[in-house]
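The residues making up each chain are set out below.
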Amino acid sequence: RERDDHPEVLHPAQYTAARGQDDAGVHWRRVTDLRNVIVFAAGGVRQAMELRWVREVATLGFVTLVPTAPPGLVGVCNLHGTILPVLDAGLLTVGQAGAPARQGDGALILQLDGVATALRVDQVDEVVSAHSDGEVVVDGRGRRLPLVDPDQLLRRLHAPGPGPGPGPAGGPPP
């Protein structure tokens, strides 16, 4: 818990889930929200994404390059008989393009606007319930991780220009 009149640092397990006041009349407020996230590395940065967007974690099959594709769309692949666009998570989140996508790379299969999409990642670390304070989540070890917004990924993919610039994961470039 954190009191409105005297903030104190407490373990996330001590946060209350509701706004209100206790019997002594002290006002309490919620500091963070709990979110179920998958933690992954892309572009050399550990990041998190809410599990509600992730359909599965998969290994990419053969990736076919698409010569006229916008930056960030590194190709297409066949997964379970469905052709999926393959997006470069590093380029779209932190502006760091990874190595060319290839068979055997890890990917998060996302369900975005009714379309399945493969988000190529360097590594998947864990699935965890983490406390969020907006665009950042705090994992069980107290590390702050940028929270990736899949809608922002799509906006960056379709943005005009030479490609996404550096900026916070899932957020607009500075």
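A brief look at the structure comes next.

Cut-offs used in this document
Per chain, residue numbering runs from 1 following the sequence as it is written. The model is predicted, so local features are restricted to residues of pLDDT at least 70 and side-chain atom pairs to those at 80 or more, both for listing and for counting; the totals for chains, interfaces and linings are taken over all residues. Water and hydrogen atoms play no part in the side-chain values, which are based on all heavy atoms of the structure. Helix and strand assignments follow DSSP, with helices taken as H or I runs no shorter than four residues and strands as E runs no shorter than two, numbered in order from the N terminus. Exposed residues in this analysis have more than 50% of their type's maximum accessible area, buried residues have under 20%, and partly exposed residues fall in between, with area computed by a 1.4 Å probe over protein chains only. By definition, residues are in contact when any of their heavy atoms lie within 4.5 Å. Here, strands pair whenever DSSP counts at least two bridges between them. The angle between two axes is taken between their N-to-C directions and runs from 0 to 180 degrees, where each axis is a line fitted to C-alpha atoms and a helix contributes only its stretch in contact. Space inside and on the surface of the protein is sampled on a 1 Å grid over the protein atoms alone, with a cavity defined as a set of points where a 1.4 Å probe fits but cannot get out and a pocket as an open set with protein on both sides within 12 Å along at least 5 of 7 lines; lining residues have an atom within 4 Å of a point. Grid points are joined across faces, edges and corners, and a volume is the space filled by probe spheres set on the points. Amino acids outside the nonpolar list (Ala, Val, Leu, Ile, Met, Phe, Trp, Tyr, Cys, Pro) and the charged list (Asp, Glu, Lys, Arg) are all regarded as polar, and Gly is one of them. Only buried Ala, Val, Leu, Ile, Met, Phe, Trp, Tyr and Cys residues count toward a nonpolar core, and they belong to the same one when joined by side-chain atoms within 4.5 Å.

This part takes up the environment of Arg-144. Along the chain, Arg-144 falls in strand β14 (residues 144-148). Take Arg-144: its relative accessible area is 53%, and that puts it in the exposed class. It is 9.8 Å that separates the C-alpha atoms of Arg-144 and Ala-130, two residues lying 14 residues apart in sequence. Leave out the neighbours within four places in its chain, and Arg-144 touches Asp-133, Val-136, Val-137 and Val-138.

Okay, the sheet that holds strand β12 (residues 123-132) next. Strand order around the closed barrel formed by 5 strands is β4-β5-β14-β13-β12, with mixed pairing between neighbours. Neighbour-to-neighbour, the strand axes of this sheet turn through a mean angle of 50 degrees, independent of strand direction. By the bridge criterion, 9 bridges tie strand β4 (residues 33-42) to β12 in an arrangement that is antiparallel. Paired with Leu-34 across the strands is His-131, a residue of β12.

Counting across every chain of the model gives 1 cavity of 30 Å³ or more. Counted as a void, the largest cavity has a volume near 30 Å³. Along the walls of the largest cavity sit Ala-42, Gly-43, Asp-88, Gly-90, Gln-96, Gly-98, Arg-120, Val-121 and Asp-122, which together make up its complete lining. In terms of residue class, the lining of the largest cavity is built from 2 nonpolar, 4 polar and 3 charged.

Let us now look at the nonpolar core. Ranked by size, the top nonpolar core spans 20 residues in total, and within it Phe-40, Met-49, Leu-108, Leu-110 and Leu-119 carry the most contacts. For this core, the secondary-structure elements that each account for two or more residues are β4, α1 (89-94), β10 (106-112), β11 (115-121) and α2 (150-158). Not counting chain neighbours up to four residues away, the residues in contact with Leu-110 comprise Met-49, Trp-53, Val-54, Arg-55, Val-115, Ala-116, Thr-117 and Leu-119. Counting residues in hydrophobic clusters, the runner-up holds 13 residues, among them Cys-77, Ala-101, Ala-107 and Ala-116.

Purely spatial values, then, with no claim about function.
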